[in-house]
Amino acid sequence: MANFGMVGLDWQQRVNWDRLRKYRLDRARARMKAHGLGAMLLMYDENVRYVTSTLTPGWNRLKPGLRYALLCGDDPPVLFEQGDLGAHIKRHSPWIPKENVRYSYAWIKGAAGPASTQQVKKFTNAIVQEMKKSNVSGMKLGVDFIDINMIQIFKEAKIDWVDGMTPMMEARAVKNADEHECMRMVGAIGDAAHWECMKFLKPGLTENQVTAHIMEFLYNIPGMEDVEDVIVSSGLNTWPNWRNFSDRIIKPGDIVFMDLAALTWNGYKSCYYRTYCVGKEPTSEQKEYYATALKWLYDSIKAVKVGTTTREIAQKWPSAKEAWGYEEEDQAAANLWGHGLGLAQYDPPVISRIWSLDHPVEIQEGMVFALETQHGKVHQWGVRIEEMLIVHKDRIEIVSNFPVEQITVVDPMTGYSSYGKS
């Protein structure tokens, strides 16, 4: 499959959503059993979605505990949805048995105050009952999130809770063919958004106006659920890269970069930087810095293959001291970077010289991740670029297709003076 289209058809096989849902649930269950767990309690939305394939409003995704799912043994998952939103799940998601859609017992991270204990007890009792029903009572319960309010009550209920995030990370790390097609779609949407950005950019606009325009463009695309960030940084905001946008006016000759940080199409997320120069050709120094960042990027991409490790990829990048004179790698966190993409913007692997040199992770067939590099001059200008890729058995596939080999120049004009410019 390779980007047939966005919607389902009767005459062409595109994303096979039934196969995708089964793959994700089976993979989560397999990793649960491999870790010796009888059940997993999932409170992060990316994990809830992975096992239930259900959609909830954006405000509900960001507060673990407003909704959650329980996967017990070989039984179908049980979804505890916020309030009466479960009525929509029952209607729209028939792969979840109707009797397995419940309402949640929330305490909102303690915002319920003295009622939190009451709520956590109801929450815990429901988990205990489900584990008994599935004949996994007394077995280890993997949890992907633990709240201070849960610890004592879990202890009183004699729940043997352990790490449930690691098995879920392992499950999410490797994608099937349908997830790959979702990521190709995410890449194609990103290509379109960068093209739109190139056409829209001009001196006099503010960073937030560009962000707003690209947000509107994205939300007009079928299947778009969420856009976590459109990062537009210009001029001195580009180095150090503050990964934000403001009301700064973009000036003639400014370097601008735009990042599609987690546009979310049918749950699958992007991360996709490109660098622009507005109204003027970049200077020879800017081109040189960009060429350096591009070399760092493609040297690391060329190191990606099945069976290698994140160490070999991170070794292609200079140290933070070599690149920018920093004393520790943590000072340059996310400057030279790689991270898995899927239902979360940070699936495994996450690649950095901070940890990958000493704690390497093997690259597996089916992984999907982004690699990104940057370079610049402090409070003057910076460049950043990023590619999204799929790891196949004998090759890698780059799904971000907007031009990358040089800074994208927007409507260049001649006649600039350098007099009085620092």
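Report follows, based on the coordinates. (Residues numbered from 1 in each chain as written. Predicted model: local features only at pLDDT ≥ 70, side-chain atom pairs only at ≥ 80, totals over all residues. Heavy atoms only, no water.)

1. Thoughts on helix 1 (residues 17-34)
Compared with the 26 Å implied by 1.5 Å per residue over 18 residues, the 26 Å span of helix 1 between its first and last C-alpha is a close match. Close packing links the buried residues of helix 1 with strand 1 (39-42), helix 2 (45-52), strand 2 (68-72), helix 7 (165-173), helix 8 (177-200) and strand 9 (268-269). Looking at the residues trailing helix 1, positive phi occurs at Gly36, about 75 degrees. (Helix = DSSP H or I, 4+ residues; strand = E, 2+ residues; numbered from the N terminus. Expected span 1.5 Å × (residues − 1). Contact = heavy atoms within 4.5 Å.)

2. What to know about the sheet that holds strand 1
Spatially, six strands are ordered 4-3-2-1-5-6 in an open sheet, and the strand pairing comes out mixed. Of all strands in the sheet, those bounded by a partner on one side alone are strand 4 (101-103) and strand 6 (161-163). Strand-to-strand twist in this sheet, taken as the mean axis angle between neighbours without regard to direction, amounts to 25 degrees. Packing of helix 1 onto the sheet brings it into contact with strand 1 and strand 2, and relative to strand 2 it is tilted by some 65 degrees. (Pairing = 2+ DSSP bridges. Axes fitted to C-alpha atoms, helices over the stretch in contact; angles between N-to-C directions.)

3. What about the packing of aromatic side chains?
Overall, the coordinates contain 16 aromatic pairs when judged by the stated rule. When the ring of Trp17 is compared with that of Trp265, the centres are 6.3 Å apart and the planes differ by 45 degrees; the resulting orientation is tilted. Within this pair, whereas Trp17 is found in helix 1, its partner Trp265 is found in strand 8 (residues 255-265), the two being separated by 248 residues in sequence. The class for Trp17 is partly exposed, based on a relative accessible area of 30%. The interplanar angle of 65 degrees and the centroid separation of 5.6 Å between the aromatic rings of Trp337 and Trp355 together place this pair among those described as edge-to-face. (Phe/Tyr/Trp six-rings, centres within 6.5 Å; stacked < 30°, edge-to-face > 60°. Buried < 20%, exposed > 50% of the residue type's maximum accessible area, 1.4 Å probe, protein only.)

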